[in-house]
Amino acid sequence: SHVCMEPAPEIEVSRVSFASYARLLGGNRNFRRLWSAQVVSEIGDWFYTLAIYNLLLQLTGRAGSVALALVLQVLPQTVIGPTAGVVNDRLRRKRVMIASDIGRTLIVLCMLLIRSKAMVWLVYPLLTAETLLAAFFEPARNAVIPNIVEREDVVLANTLSSSTWSVNLMIGATLGGVVAALLGRDAVFLLNALSFVVSAALIWGMRFAEPHAEGGRRFEARELVDFSPILAGIRYVRAHVRLRSTIFAKFGILIIGPGWVLFTVMGQKEFAVRWHGMAPERGAFLGMSLLLGARGLGALLGPLLTAPWAGHWKHRLEVAIFWGYLAAAAGYTLLGVSGHLWQACLCVMLAHSGGSIVWVFSTTLLHLHSDDKFRGRVFAADLGLCMFTIAAGAYLAGRFVDWGFAARNVASVAGMLMLIPAALWGLSIKNRVIEQSGHQAI
């Protein structure tokens with residue numbers, strides 16, 4: 001079938017302001033429930049993820065163990081992504097999200113079986129299983145946003161979702177260590193399991209149309225190994241120039257993976273908090289928490305401050321992504337020469353404000369450029385490519401630190417590598433401007 005190749009028209013969206021976020025949450029019941037589900041499940045995730053990373057580093061003494069845990073939290077999403085995309089384009093995405101939450105509840109409860117150093121190996125298969133379910137949940141959550149909000153509110157919904165992720169990171173990073181210290185690791189796992197139950201209940205109460213699943217044939221198990229929908233999705237992406245470049249935007253955020261490993265190591269070895277006789281391991285955890293909190297604050301401020309300017313036009317969204325890459329490059333390059341914790345936190349804020357701009361605005365562009373029946377596959381590919389970058393970056397950062405390279409040097413190299421996607425994205429914008437000018441001249 002013929003696919004329209006003409007660029008989609010620019011759209012004017014509703015004014016982006018703090019009042020508009022309140023309007024969206026107050027007036028849209030479906031989005032409010034989806035947003036609330038995000039809040040409870042993400043805070044639970046941060047609580048227990050930080051506890052696992054810190055536990056692994058203390059028990060093994062190797063940055064590679066943290067890197068492996070992070071790889072297992074992201075890389076399976078790349079492998080299962082094509083199947084997850086097909087499932088989300090064939091089944092009702094609401095049901096996919098609920099099933100994923102129930103499965104993750106059971107998996108997190110299994111973390112309670114880890115009672116000793118000899119049982120630490122169990123962390124890895126459990127993280128893998130949880131990641132596989134997340135690979136079905138996240139494309140579904142992204143894909144339903146245009147079904148539950150008006151087209152002119154898509155930018156608002158994506159910016160609010162990203163800002164919420166950032167606030168959840170700050171809260172989780174700050175309070176996660178306190179909860180683990182006061183209540184113990186088992187309590188952290190129980191709270192995270194409970195958060196998935198609450199998330200499933202909130203999503204269950206959503207009521208919205210899912211056109212892609214209306215009146216279609218019954219889903220059959222053999223479709224999980226049928227590659228024709230995947231190939232159709234690839235052809236669809238290739239036929240749309242803007243979609244083709246945007247789907248690789250998150251793939252270019254090369255700092256996300258190394259950041260998780262480097263903050264854990266630098267919090268322990270270089271920026272541990274020393275205050276009133278605080279135990280070294282607690283000071284290390286606090287240093288890591290502050291760096292992650294700075295990451296969350298930067299990720300919050302980036303899209304929040306930029307959306308009022310960029311949110312109205314696709315071209316501005318694209319230009320903002322270019323500057324986001326540059327901010328990420330500058331932040332990590334400077335992190336490598338930071339002498340104090342406060343300086344490191346400022347660099348991390350700068351870097352992840354840029355990374356968050358890339359993430360949010362590329363998501364918005366994908367919403368605006370993709371059709372509902374292909375959206376599950378588009379976002380599964382988007383997530384899978386990004387997770388591959390995160391996994392590779394985390395693994396390499398962990399290996400280089402274990403080989404004796406200073407964590408701050410690894411940070412600077414990661415920052416300078418960000419100039420590569422910045423240049424490629426800038427070139428794609430330039431080519432589109434030239435192409436549009438040529439069409440207008442004709």
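The shown structure was predicted, so the numbers you read here are calculated from the model rather than taken from an experiment. (Residues numbered from 1 in each chain as written. Predicted model: local features only at pLDDT ≥ 70, side-chain atom pairs only at ≥ 80, totals over all residues. Heavy atoms only, no water.)

Some points on the overall build of the chain
Worth spelling out the cut-off: Every helix listed is a DSSP run of H or I at least four residues long, and every strand listed is a run of E at least two residues long, numbered separately from the N terminus. Partly exposed residues are those whose accessible area sits between 20% and 50% of the maximum for their type, while under 20% is buried and over 50% is exposed, using a 1.4 Å probe and protein chains only. For the accessible areas, the method is Shrake-Rupley and the probe is 1.4 Å, while residue cover comes only from the protein chains on display.
Within the chain, the regular secondary structure consists of 16 helices and zero strands. The buried share among the 442 residues of the chain stands at 57%. For the chain, the exposed surface amounts to about 19,100 Å²; the carbon and sulfur share of it is 67%.

Remarks on the environment of Gly339
Its place among the elements puts Gly339 in the loop between helix 12 (314–335) and helix 13 (341–369). Sequence separation of Gly339 and Phe271 is 68 residues, and the distance between their C-alpha atoms is 9.0 Å.

Some thoughts on the packing of aromatic side chains
Spelled out, the test is: In summary, the pairing rule links any two rings of Phe, Tyr or Trp, Trp by its six-membered ring, whose centres are within 6.5 Å, and it sorts them by plane angle into stacked for under 30 degrees, edge-to-face for over 60 and tilted for everything else. When the NZ atom of lysine or the CZ atom of arginine is within 6 Å of a ring's centre and also within 35 degrees of its normal, the charge is said to sit over that ring.
Throughout the structure, instances matching the rule amount to five aromatic pairs. Ring geometry for Phe248 versus Phe251: centroids 6.1 Å apart, planes at 80°, classification edge-to-face. The class for Phe251 is partly exposed, based on a relative accessible area of 29%. By way of ring pairs, the aromatic residues Phe400, Trp403 and Phe405 are connected into one cluster. In this structure, Arg104 packs its charged tip against the face of Phe137, placed 4.7 Å from the ring centre. Its end group placed over the ring of Trp359, Lys250 keeps NZ or CZ at 5.3 Å from the ring centre.

What about the nonpolar core?
Rules: Only buried residues count toward a nonpolar core, which is a set of Ala, Val, Leu, Ile, Met, Phe, Trp, Tyr and Cys residues joined through side-chain atoms within 4.5 Å. The criterion used for residue contact is that any of the two residues' heavy atoms lie within 4.5 Å.
With 111 residues, the main nonpolar core has Ile52, Tyr325, Leu335 and Phe361 as its most contacted residues. Look past the residues within four positions of Ile52 in its chain and what remains in contact with it is Met111, Val123, Leu127 and Phe189.

Some thoughts on the packing of helix 5 (residues 123–148) against helix 14 (residues 372–402)
Stated precisely, the cut-off is as follows: Geometry is summarised by axes, namely lines fitted to C-alpha atoms with helices restricted to the contacting stretch, and by angles between N-to-C directions that run from 0 to 180 degrees. In what follows, roughly perpendicular refers to angles from 65 to 115 degrees, roughly parallel to angles under 35, roughly antiparallel to angles over 145, and oblique to any angle outside these ranges. Crossing handedness is read from the near helix: turned anticlockwise from the far helix by less than a right angle, it gives a left-handed crossing, and turned clockwise, a right-handed one. Residue type decides the class: Asp, Glu, Lys and Arg count as charged, Ala, Val, Leu, Ile, Met, Phe, Trp, Tyr, Cys and Pro as nonpolar, and the leftover types, Gly among them, as polar.
Where helix 5 meets helix 14, the axes come as close as 9 Å, and the angle between the chain directions of the two elements is 135°. For the element pair helix 5 / helix 14, the angle class is oblique. The way helix 5 lies across helix 14 gives a crossing that is right-handed. Here Ala135, Glu138, Pro139, Asn142, Ala143, Pro146 and Asn147 of helix 5 come into contact with helix 14, specifically with Asp372, Arg375, Gly376, Phe379, Ala380 and Leu383. Its residues assigned to classes, the contact of helix 5 with helix 14 comprises seven nonpolar, three polar and three charged.

Focus: the pattern of salt bridges
In a structure, side chains of opposite charge can pair up when their charged atoms sit close to one another. Going by this rule: Here, a salt bridge means any side-chain nitrogen of Lys or Arg that lies within 4 Å of a carboxyl oxygen of Asp or Glu.
Tallying each qualifying case throughout the model produces seven salt bridges. The residue Arg93 makes a salt bridge to Asp372 at a minimum N-O spacing of 3.3 Å. In this pair, Arg93 sits in helix 4 (residues 93–110) while Asp372 sits in helix 14, placing the two residues 279 residues apart along the sequence. With relative accessibility at 0%, the residue Arg93 sits in the buried group. Residue classification places Asp372 among the buried residues on the basis of a relative accessible area of 16%.

Things to note about the packing of helix 3 (residues 63–90) against helix 14
Two elements in contact, helix 3 and helix 14, have axes whose closest approach is 7 Å; the angle formed by their N-to-C orientations is 165°. As judged from the angle between their axes, helix 3 and helix 14 are roughly antiparallel. For the crossing formed where helix 3 meets helix 14, the hand is left-handed. For the contact of helix 3 with helix 14, the residue count by class is 18 nonpolar, nine polar and six charged.

Focus: the confidence of the model for the chain
Our working definition: Each residue carries a pLDDT value, the predictor's own confidence for that position, ranging from 0 to 100.
Overall, the prediction assigns the chain a mean pLDDT of 81, with 84% of residues at 70 or greater. Confidence drops under pLDDT 50 across residues 1–14; counting only partners more than four residues distant or on other chains, this segment forms 27 contacts.

Side note on the environment of Thr60
Assignment of secondary structure puts Thr60 in helix 2 (residues 29–60). Residue classification places Thr60 among the partly exposed positions, given a relative accessible area of 36%. Linking Thr60 and Lys117, residues 57 residues apart in sequence, is a C-alpha distance of 9.3 Å.

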